[in-house]
Amino acid sequence: ERRDSLPRDLTGCTLVVTAGGTREPLDPVRFLGNRSSGKQGFALARLAVQRGASVTVVAGATAELPVPAGVRVVNVTTAEQMRKAVHQLSERADIVIMAAAVADFRPVSVAESKIKKGNDEPTSIPLVKNPDILAEVVKRRDQGELPVTRVIVGFAAETGDEQGDVLTHARSKLNRKRCDLLVVNAVGEGKAFEVDSNMGWLLKADGTESALPLSSKNLMASRILDAVSSVLHTS
Ligand code: CTP
Ligand code: CA
């Protein structure tokens, strides 16, 4: 896509996007992490700058991605650090996009020194739930604490199971999270993680659903920002 052909529909908007995976330490050398590359979040950041937004990425662990021109990056490691950064930045953000893979759980305690073989070998890792950053942002807006925030976007990586198919899970996640847009990636064999393309749906809070056909993360970013822009310009 030629840069000069892009709409400048996000001019004047401040956008915060999370990207990559959080890492939850277990001891000084080990952590619980995930395979998120951060590519979708960085693709969104790059394109949003080109469309006129002022953009900050709150980045957990990512593949070694180049920082797009004009994008500010705040690096974090844990979910708790990501939470603090997002809450601070969202106070000035028109748009908050939660593309990061936030660890749902963290070890209850972090060993001060390396866990060793020998005596007292662990057989399990006690975990505690991490705060749901997206749900907290939505709640803060409900309570009037985020007066400038107009669009909150969540991501969901879903597989079908006995409980229901991808879309069924996604609809109930949108109802639970109550964000304005939910980007749903169908995952499973080789999809979404560490690859350059995604497929899924875009669910809006008003019930509108559109398919996101298999495409590059850049094209996906463009479709997501189109939806963000339409929420901005119709509300
Ligand atoms: N998310 C978040 N904080 C968490 C977990 C998730 O902000 N502790 C955000 C993610 O960044 C994403 C959205 O919530 O935008 C949905 O994440 P997902 O893992 O699909 O949802 P969960 O509520 O964690 O449900 P699940 O049990 O399916 O993992
Ligand atoms: Ca999760």
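Computed from a prediction, not measured in an experiment: that's the story for all the values here. (Residues numbered from 1 in each chain as written. Chains lettered and ligands numbered in written order. Predicted model: local features only at pLDDT ≥ 70, side-chain atom pairs only at ≥ 80, totals over all residues. Heavy atoms only, no water.)

What follows concerns the UniProt feature "binding site: CTP" (unreviewed entry) in the protein. The residues that UniProt annotates with the feature "binding site: CTP" (unreviewed entry) are Asp104, Lys114, Pro131, Asp132, Ile133, Leu134, Phe155, Lys173 and Lys177. Spatially, the listed residues are scattered: they cover 74 residues, and their C-alpha atoms lie as much as 37.9 Å apart. When the annotated set is filtered for residues lining the largest pocket, what remains is Asp104, Pro131, Asp132, Ile133, Leu134, Phe155, Lys173 and Lys177. Counting through the fold element by element, leucine 134 comes out in helix H3 (residues 133–142). For phenylalanine 155, a relative accessible area of 19% puts it in the buried group. (UniProt positions renumbered as here; feature names shortened; annotations may be inferred. 1 Å grid on protein atoms, 1.4 Å probe; cavity = no way out; pocket = protein on both sides within 12 Å on 5 of 7 lines; lining within 4 Å. Helix = DSSP H or I, 4+ residues; strand = E, 2+ residues; numbered from the N terminus. Buried < 20%, exposed > 50% of the residue type's maximum accessible area, 1.4 Å probe, protein only.)

The buried fraction of strand S9 (residues 151–158) amounts to 7 of the 8 residues, a majority that puts the element mostly inside the structure. Two strands pair when backbone bridges link them, and strand S6 (residues 95–98) and S9 are joined in this way by 4 bridges, in the parallel orientation. In the sheet register, isoleucine 95 faces S9, and the bridge partner there is valine 151. Note: S9 against strand S10 (residues 181–186), 6 bridges, orientation parallel. (Pairing = 2+ DSSP bridges.)

Attention now moves to the pattern of salt bridges. Taken as a whole, this structure holds 12 salt bridges when the rule is applied. Arginine 51 is the partner of aspartate 9 in a salt bridge, and the nearest nitrogen-oxygen pair spans 2.8 Å. Remark: arginine 51 occurs in the loop between helix H1 (39–50) and strand S4 (54–59) and aspartate 9 occurs in the segment before strand S1 (14–19); sequence separation between them is 42 residues. Owing to a relative accessible area of 2%, arginine 51 belongs among the buried residues under this scheme. (Salt bridge = Lys/Arg side-chain N within 4 Å of Asp/Glu carboxyl O.)

As for its placement among the helices and strands, phenylalanine 105 is situated in strand S7 (residues 105–107). In the structure, phenylalanine 105 is positioned 124 residues away from serine 229 in sequence and 33 Å away in space, judged by C-alpha atoms. Excluding residues that lie within four positions of it along the chain, phenylalanine 105 makes contacts with Glu24, Leu127, Val128, Lys129 and Asn130. (Contact = heavy atoms within 4.5 Å.)

What follows deals with the layout of surface pockets. Looking at the largest pocket, its volume works out to about 1,000 Å³. If you trace the largest pocket, you find 40 residues lining it, with Ala100, Ala101, Val102, Asp104 and Phe155 closest to the centre. Elements with a contribution of two residues or more to the lining of the largest pocket: H1, H3, S9 and helix H4 (166–177). Top element by residues in the lining of the largest pocket is S9. It accounts for 4 residues. In terms of residue class, the lining of the largest pocket is made up of 18 nonpolar, 13 polar and 9 charged. (Points joined across faces, edges and corners; volume = space filled by probe spheres on them. Nonpolar A, V, L, I, M, F, W, Y, C, P; charged D, E, K, R; others polar.)

This part covers the coordination of the calcium ion (ligand 2). Distances from the calcium ion (ligand 2) to its protein donors, Asp104 (OD) and Asp104 (OD), fall at 2.4 Å. With respect to the helices, strands and loops of the structure, aspartate 104 is situated in the loop between S6 and S7. (Donors = N, O, S within 2.8 Å, 3.2 Å for Na, K, Ca; no water.)

Moving on to helix H2 (residues 79–90). In this model, H2 (12 residues) spans 16 Å end to end at C-alpha, consistent with the 16 Å of a helix rising 1.5 Å per residue. Listing the buried residues of H2 in full gives Ala79, Met82, Ala85, Val86, His87, Leu89 and Ser90. Along its buried surface, H2 packs onto S1, strand S2 (24–27), S4, strand S5 (72–75), S6 and H3. (Expected span 1.5 Å × (residues − 1).)

Our focus in this paragraph is the nonpolar core. Grouped together as the largest cluster of nonpolar side chains are 36 residues, with contacts concentrated most on Leu15, Val17, Val55, Ile95 and Ile97. Every residue in contact with valine 17, bar those within four places of it in the chain, is listed here: Gly41, Leu44, Ala45, Val55, Thr56, Val57, Val58, Ile97 and Ala99. In this structure, Met82, Ile133, Val166 and Cys179 belong to the second largest nonpolar core, which totals 27 residues. (Core = buried A, V, L, I, M, F, W, Y, C linked by side-chain atoms within 4.5 Å.)

Quick look at the pairing of S4 now. Judged by how many residues are buried, S4 sits mostly within the fold: 5 of 6 residues are covered. Bridge analysis of S1 against S4 gives 6 bridges, and the strand direction is parallel. For alanine 19, the partnering residue across the bridge sits in S4 and is alanine 59. Both S4 and S5 contribute to a ladder of 4 bridges, which runs parallel. In the sheet register, valine 57 faces S5, and the bridge partner there is valine 73.

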